[in-house]
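Structure at a glance
Residues per chain, in single letters:
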2 protein chains.
Amino acid sequence: MKATLLHGPEDVRVEQVPDPALRVSTDAIVRVTHACICGSDLWPYRGIGLTPDGDVPAEPQRIGHEFLGVVEETGSEVNSLRQGDVVVAPFTFSDDDCEFCREGLHTSCVNGGGWGSADVDGGQGEAVRVPQAEGTLVKLPGGSDEALSASLLTLSDVFSTGHHAAVSASVGLGSTVVVVGDGAVGLSGVLASTRLGADRVIIMGRHQRRTELAEHFGATDVVPERGAEGVERIRELTGGHGASSVLECVGTADSLSTAVGAVRAGGSIGRVGAPTYENIPQPAETFLRNVTISGGVAPARNYIPKLLPDVLEGRIQPGLVFDRTLELDDISEGYRAMHEREALKVLVRP
Amino acid sequence: MKATLLHGPEDVRVEQVPDPALRVSTDAIVRVTHACICGSDLWPYRGIGLTPDGDVPAEPQRIGHEFLGVVEETGSEVNSLRQGDVVVAPFTFSDDDCEFCREGLHTSCVNGGGWGSADVDGGQGEAVRVPQAEGTLVKLPGGSDEALSASLLTLSDVFSTGHHAAVSASVGLGSTVVVVGDGAVGLSGVLASTRLGADRVIIMGRHQRRTELAEHFGATDVVPERGAEGVERIRELTGGHGASSVLECVGTADSLSTAVGAVRAGGSIGRVGAPTYENIPQPAETFLRNVTISGGVAPARNYIPKLLPDVLEGRIQPGLVFDRTLELDDISEGYRAMHEREALKVLVRP
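Residues numbered from 1 in each chain as written. Chains lettered and ligands numbered in written order. Predicted model: local features only at pLDDT ≥ 70, side-chain atom pairs only at ≥ 80, totals over all residues. Heavy atoms only, no water.

Section: the overall build of chain A
Looking only at helices and strands, chain A features 12 helices and 18 strands. For 350 residues, the compact-globule formula gives about 20 Å, and the C-alpha radius of gyration of chain A, at 20 Å, lands near that figure. Dimensions of chain A along its principal axes, counting C-alpha atoms only, are 60 × 40 × 35 Å. Sequence-distant contacts in chain A: of pairs separated by 6 or more residues, those separated by 24 or more amount to 68%. For chain A, the accessible surface area stands at approximately 13,100 Å², while carbon and sulfur atoms represent 46% of it. Positive and negative side-chain charges of chain A, numbering 29 and 48 respectively, have mean locations separated by a distance of 4 Å. (Helix = DSSP H or I, 4+ residues; strand = E, 2+ residues; numbered from the N terminus. Rg over C-alpha atoms; globule rule 2.2 N^0.38 Å. Contact = heavy atoms within 4.5 Å. Areas by Shrake-Rupley, 256 points an atom, 1.4 Å probe, with all protein chains shown as cover. Lys, Arg positive; Asp, Glu negative; His and termini not counted. Charge placed at Lys NZ, Arg CZ, Asp CG, Glu CD.)

Structure (structure tokens):
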């Protein structure tokens, strides 16, 4: 089959790889119908590692961790899925049964792992062997519906991650929220905050197409200023004190500093931008102001069943973050376009 | 009157200062009956600043922020207190009426401040002018009771701070807790965790007298090892994963690293040790494991009414952290003894 391989900085290729096959009885094979490129895929694409050991792999690496697909084959212990089922895969696999999964923290599953790691297929290919298939895959009750597929695909990662930012920042009814970052995760954070009942959602961003989508998703204010100037503007908009909930959706030292500046005393920062910073700054400042720093990798598998009804019933359209669709063979063009901020998020059709 | 002045590193003196007098209608004058020395007083004593601007003051500075006393005089707007009332003062003053106080975050009161700052008396003296007296002081319903006074005094700061660590780390019924630090705050954190229903409380410490008191307060395990070895021991004691709640009660880079190592994925660190570190480390590690970092300066004014009944009715004895009592004139000996870890916490009688 064909799959995407990262050869090195700015060098992504679609190549022939071995067809996936069942290895253990808890596996399933899924034919990928929809995949996409994640902002976090751009870090290794740019040569910046975010593997657990912080390195860019020396050898070509399978990549991609968001996909919808159709079950082709199941191992003998996979009872709740059958050939032909349409499924969404969260961006990590998990058994849905260990102590962490039972608490809803599927990203820390003791039998879990990530796509595109050693011996595990990446999501940007024609098919994937899914470990822990019964625990990992969520069956879509209505089967395939092309009108909904973009939004369903966002449950794999980007919308679940925006939701995690909002949950981690304690967004609820009547909240005032600042979203740092106008990428697809930030926009998802806006939609998630609105969905959770926030009264006021301030997006920090300056790309008109993106901030317009943020407003469509419920943003009440747009702050184009950055850094200290942006923080000052946030303070002005929030009675001088900042917002109780701040969603950090970028992952740089600058964006984290902005989040620290924008948060109200007693408030929370939900950080979901994969961290490229080496420290969390201003510990005395956040200490004096009792700021909580929360978040991390989103346990999408926990959130998918909770978010699915709103997508299936059309109450939210998180798939609007996709502004380009490409064939798998053209995926390097998708990386380039996202890297250059020409495209917000690219959907890929194998 | 006499009061304590910090002249410079390891130079604390009791000297004559002007008697306090009412300045505005919301003030009260309190005659101090019991005060004490805080671990955080030792930072400036050692020449390490923890004023908001990070400096040790150049001029002699009034010091002390924990006291019990008797109301001597009240301003015209102080209606709920009268001469002779026995009161406990939290370690910051606050109006108990602004948006932050109404949320229970009295340390961020818009009209609040700290003792021993410019124009405000310190607690280690014979009397104190209390700004925002009605919002700040908590009247003790039973009046003065010498048997309880040590425990009542801990509500000013040390026990309220231990409680804040536990609340910030989400300690509740059945929790597994690690307490980093066997100082008076750490021991208070043990007692607070037990009081909140924790099943298992592991204290990290190696001073026998202190760890014995920790066990008296409910600690189930003592880990004398430090650093990586200490973290390994914690992991062994907690099924390999660490504890869901970790109370950081020291404030050094080492203790914070230990806290990060000891916390379970999805868990929380409640940090109450006044931070002498410049960054919060390992942001990728805590991100991958969804660790929440919370805590800060404890809103003691919020907690005092909640903790008071257990003290008054003798269910808890947080005052056991005091292991020495000195006259005010001898306070420099108290600083020396705490600095050299000869005394755990020193009570001072003006």
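Still to come is the rest of the account.
Observations concerning the sheet that holds strand 2 (residues 11–16) of chain A
Residue and element names in this part refer to chain A. Read from one edge to the other, the open sheet built from 3 strands follows the order 2-1-4, with strand pairing classed as antiparallel. The outermost strands of the open sheet, each flanked by one partner alone, are strand 2 and strand 4 (61–62). For strand 1 (residues 2–8) and strand 2, the ladder comprises 6 bridges, and the chain directions are antiparallel. When the sheet's bridge partners are listed, T4 is paired in strand 2 with V14. (Pairing = 2+ DSSP bridges.)

Details of the domain arrangement of chain A
Accessible area lost upon the coming together of the parts serves often as the stated size of an interface. Residues and elements named next belong to chain A. Each domain of chain A was delimited in the assignment, giving domain 1 (2–157 + 299–349) and domain 2 (159–295). Here domain 1 and domain 2 have C-alpha centroids that lie 26 Å from each other. Buried area between domain 1 and domain 2, summed over both chains or domains, comes out near 2,000 Å², and the portion from carbon and sulfur atoms is 62%. Counting the surface domain 1 buries against domain 2, the share from its top three residues, Y303, R341 and L344, is 29%. A salt bridge links R341 to D182, with the shortest nitrogen-to-oxygen separation between them at 3.0 Å. Our count for the domain 1 to domain 2 interface comes out at 11 residue pairs in polar contact (both at pLDDT 80 or more). Residue classes in the side of domain 1 that touches domain 2 are distributed as 15 nonpolar, 2 polar and 7 charged. (Domains from an automatic or database assignment. Buried area = accessible area lost by both parts, 1.4 Å probe. Salt bridge = Lys/Arg side-chain N within 4 Å of Asp/Glu carboxyl O. Polar contact = N/O pair within 3.5 Å; in protein donor to acceptor, adjacent residues only side chain to side chain. Nonpolar A, V, L, I, M, F, W, Y, C, P; charged D, E, K, R; others polar.)

Observations regarding the pattern of salt bridges
Counting across every chain of the model gives 52 salt bridges over all chains. Between B:D96 and B:R301 there is a salt bridge; the shortest N-O distance is 3.5 Å. Taken together, the residues B:D96 in the loop between strand 7 (92–93) and helix 2 (99–102) and B:R301 in helix 11 (residues 300–312) connect sequence positions 205 residues apart. The partly exposed category is assigned to B:D96, whose relative accessible area is 32%. Shared partners join several salt bridges into a network, and the residues in it are A:R324, A:E333, A:R336, A:E340 and A:E342. (Buried < 20%, exposed > 50% of the residue type's maximum accessible area, 1.4 Å probe, protein only.)

Looking at the relation of the copies chain A and chain B
Relative to chain B, chain A is turned by 180° and slid 0.0 Å along the rotation axis, the superposed coordinates differing by an RMSD of 0.0 Å. As the rotation angle and translation indicate, the two copies are arranged about a two-fold axis. Interface residue correspondence from chain A to chain B reaches 100%, placing this contact among same-surface, isologous pairings. (Least-squares fit on C-alpha atoms with pLDDT ≥ 70 in both.)

Remarks on the UniProt feature "domain: Alcohol dehydrogenase-like C-terminal" (unreviewed entry) in chain A
Under the present numbering, the feature "domain: Alcohol dehydrogenase-like C-terminal" (unreviewed entry) in UniProt falls on residues 184–309 of chain A. The span residues 184–309 of chain A is 46% helix and 21% strand, and its two end C-alpha atoms sit 21 Å from each other. (UniProt positions renumbered as here; feature names shortened; annotations may be inferred.)

Points about the interface of chain A and chain B
Opposite the 38 residues of chain A that make contact, chain B presents 38 residues. Taken over both partners, the interface formed by chain A and chain B buries close to 3,000 Å², and the fraction arising from carbon and sulfur atoms is 57%. Sorting the residues of chain A by area buried against chain B places A:P283, A:F287 and A:N290 first, and these three jointly supply 23% of that buried surface. If you look at where chain A meets chain B, you find 4 salt bridges.

Describing the sheet that holds strand 4 (residues 61–62) of chain B
As a general point, the strands of a sheet are linked pairwise by backbone hydrogen bonds and lie either parallel or antiparallel. Residue and element names in this part refer to chain B. Across the sheet, which stays open at both edges, the 3 strands sit in the order 2-1-4 with antiparallel pairing between neighbours. Two strands lie at the open edges of the sheet, namely strand 2 (11–16) and strand 4, each paired on one side alone. Of the pairings in the sheet, the one linking strand 1 (residues 2–8) to strand 4 comprises 2 bridges and is antiparallel in character. Counterpart to L6 in the pairing with strand 4 is Q61.

Overview of the side chain of B:S255
Looking at the secondary structure, you find B:S255 in helix 9 (residues 253–262). Once you skip the residues sitting within four places of it in the chain, B:S255 turns out to touch B:V180, B:E248 and B:V250.

Details of the pairing of strand 5 (residues 67–74) of chain B
Relative to strand 5 of chain B, strand 3 (residues 28–36) of chain B is paired through 7 bridges, and the arrangement is antiparallel. Considered in strand 5 of chain B, the bridge of B:V32 is made with B:G69.

Side note on the packing of helix 8 (residues 227–237) of chain A against helix 9 (residues 253–262) of chain A
Residues and elements named next belong to chain A. At a closest axis distance of 9 Å, the pairing of helix 8 and helix 9 adopts a crossing angle of 25°. With respect to each other, helix 8 and helix 9 are oriented roughly parallel. The chirality of how helix 8 crosses helix 9 is right-handed. For the pair helix 8 and helix 9, the contacting residues are G227, V231, I234 and R235 in the first and T258, G261 and A262 in the second. Taken together, the residues that form the contact of helix 8 with helix 9 break down as 3 nonpolar, 3 polar and 1 charged. (Axes fitted to C-alpha atoms, helices over the stretch in contact; angles between N-to-C directions. Parallel < 35°, antiparallel > 145°, perpendicular 65-115°, else oblique. Left-handed = near helix turned anticlockwise from the far one by under 90°.)

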